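What the coordinates show
Spelled out, the chains give:
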Amino acid sequence: MTTDRRLEILRAIVDEYVETQEPVGSKAIADKRALGISPATIRNEMAILEDEGLITQPHTSAGRIPTDRGYRLFVDKLSAIKPLSTPERRAIETFLAESLDIDDVVKRSAKLLADITKQVAVVQYPRLGDSSSREMMAISGTANLARSGEDLGSTLSPILEALEEQVVLLRLLSDAHPTVHVTIGSEQVDSNLQTTSLVTVGYGADPSMGSLGVLGPTRMDYAGSISAVSAVARYVGRFIAESPK
């Protein structure tokens, strides 16, 4: 059973690794986090976290990085979602307020999400009446994956190929929930995407109307991505609700 102290250490490892892309050692945690415990105690707790399969030691580095299980526990235990900054909120409001129609708001939302999260953003067109738009989507930010090449390694090409398949993307979004849902690494059904994480949510009064999300490496700013996806989904839902039927 992971104690509160170990959870704080896991949180510190995730935060530091997401920020620096470097394995995290006990001294870095002791120096940057006011945990009130020594590096030696942190090392002991890290050894237990490693035994529990929540962190691992890459290569011969003295530091540790989170595993998929570690990220999952981190996400499940997020006590607060990182609030968007005032400039980010204003950017969303201004950018989407200029939308001319549903097609425009979908494309703008995808671009905005990709810009805010620095991930790949996918926005499904709303299912309205008998429209074939259940089946269309906008995608933005695939270049962000190339900038994450160090995280993704040899899996980058298969990921890009998977994203080109609209059927794959539709399947990724088809399970969207009324609340934000996070799929991490090995939890991905598509084997080509198992070095990535996906953050999705349904939008509108009826979540089956459509969904949106972001996809990126497992070394993702989960709190920030969840916050951005939630905010954009609210604005898209509001735009559709206020649009002439």
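Relevant structure appears above.
Residues numbered from 1 in each chain as written. Predicted model: local features only at pLDDT ≥ 70, side-chain atom pairs only at ≥ 80, totals over all residues. Heavy atoms only, no water.

Points about helix 3 (residues 39-51)
Between its first and last C-alpha, helix 3 extends 18 Å over 13 residues, near the 18 Å set by a 1.5 Å rise per residue. Taken together, the buried positions of helix 3 are occupied by I42, E45, M46 and L49. Buried residues of helix 3 fall within an arc of 105° about the axis and therefore sit on the same side. The outward face of helix 3, more than 90 degrees from its buried face, is lined by the exposed residues N44 and D51. Where helix 3 is buried, its residues touch helix 1 (4-20), helix 2 (26-32) and strand 1 (55-56). Backbone geometry just downstream of helix 3 places G53 in the positive-phi region, at approximately 80°. (Helix = DSSP H or I, 4+ residues; strand = E, 2+ residues; numbered from the N terminus. Expected span 1.5 Å × (residues − 1). Buried < 20%, exposed > 50% of the residue type's maximum accessible area, 1.4 Å probe, protein only. Arc of directions from axis to C-beta. Contact = heavy atoms within 4.5 Å.)

Overview of the side chain of R64
Relative to the helices and strands, R64 is located in the loop between strand 1 and strand 2 (65-66). Polar contacts involving the side chain of R64 include one to the side chain of E50, which spans 2.9 Å. Sequence-distant contacts of R64, that is, excluding residues within four places in its chain, are made with I13, P23, V24, M46, E50, I55, T56, Q57 and P58. (Polar contact = N/O pair within 3.5 Å; in protein donor to acceptor, adjacent residues only side chain to side chain.)

Some words on the pattern of salt bridges
In this structure the tally under the stated criterion is 13 salt bridges. For D103, the salt bridge identified is with K107, shortest N-O distance 3.2 Å. Of the two residues, D103 and K107 both sit in helix 6 (residues 102-117), four residues apart, roughly one turn of that helix. Using a relative accessible area of 32% as the deciding quantity, one classes D103 as partly exposed. Overall, the relative accessible area of 46% leaves K107 in the partly exposed class. Among the salt bridges present, the one from D190 reaches R171, with a minimum N-O distance of 3.7 Å. With D190 in the loop between strand 5 (181-184) and strand 6 (196-202) and R171 in helix 10 (residues 166-174), this residue pair connects regions lying 19 residues apart in the sequence. (Salt bridge = Lys/Arg side-chain N within 4 Å of Asp/Glu carboxyl O.)

Observations regarding the side chain of S197
Relative to the helices and strands, S197 resides in strand 6. Classification of S197 by relative accessible area gives buried; the value is 0%. A polar atom in the side chain of S197 sits 2.8 Å from the side chain of Y222. Ignoring anything within four residues of it in the chain, the contact list for S197 reads T183, I184, G185, Q188, V214, L215, G216, P217, T218, M220 and Y222.

A few points about the packing of aromatic side chains
Considering all chains together, one arrives at one aromatic pair under this definition. The interplanar angle of 50° and the centroid separation of 5.5 Å between the aromatic rings of Y71 and Y222 together place this pair among those described as tilted. Taken together, the residues span a long stretch of sequence, with Y71 in helix 4 (residues 68-76) and Y222 in helix 11 (residues 222-242) at a distance of 151 residues. Above the ring of F95, the side-chain terminus of R108 is found at 4.8 Å from the ring centroid. Over the face of the ring belonging to Y17 we find R219, whose NZ or CZ atom lies 5.9 Å from the ring centre. (Phe/Tyr/Trp six-rings, centres within 6.5 Å; stacked < 30°, edge-to-face > 60°. Lys NZ or Arg CZ within 6 Å of the ring centre and 35° of its normal.)

Concerning empty space enclosed by the protein
Counting across every chain of the model gives one cavity of 30 Å³ or more. Size it by volume and the largest cavity reaches roughly 40 Å³. In terms of lining, the largest cavity is formed by A12, E16, V24, A28, I29, K32 and R33. Elements with a contribution of two residues or more to the lining of the largest cavity: helix 1 and helix 2. By residue number, the principal contributor to the lining of the largest cavity is helix 2, which donates three residues. (1 Å grid on protein atoms, 1.4 Å probe; cavity = no way out; pocket = protein on both sides within 12 Å on 5 of 7 lines; lining within 4 Å. Points joined across faces, edges and corners; volume = space filled by probe spheres on them.)

Observations concerning the environment of D151
Among the secondary structure elements, D151 is positioned in helix 8 (residues 149-152). Using a relative accessible area of 23% as the deciding quantity, one classes D151 as partly exposed. Each C-alpha atom, one on D151 and one on S140, is 20 Å from the other, the two residues being 11 residues apart in sequence. For D151, the residues in contact, after removing those within four places along its chain, are Y17, Q21, P217 and R219.

Here we look at the nonpolar core
I9, I29, I92, L113, L212 and Y222 are the most contacted members of the largest nonpolar core, which has 56 residues in total. Broken down by element, this core gets its largest block of residues, 12 residues, from helix 11. A162, L169, L170 and L198 belong to the second largest nonpolar core, which has 17 residues in total. (Core = buried A, V, L, I, M, F, W, Y, C linked by side-chain atoms within 4.5 Å.)

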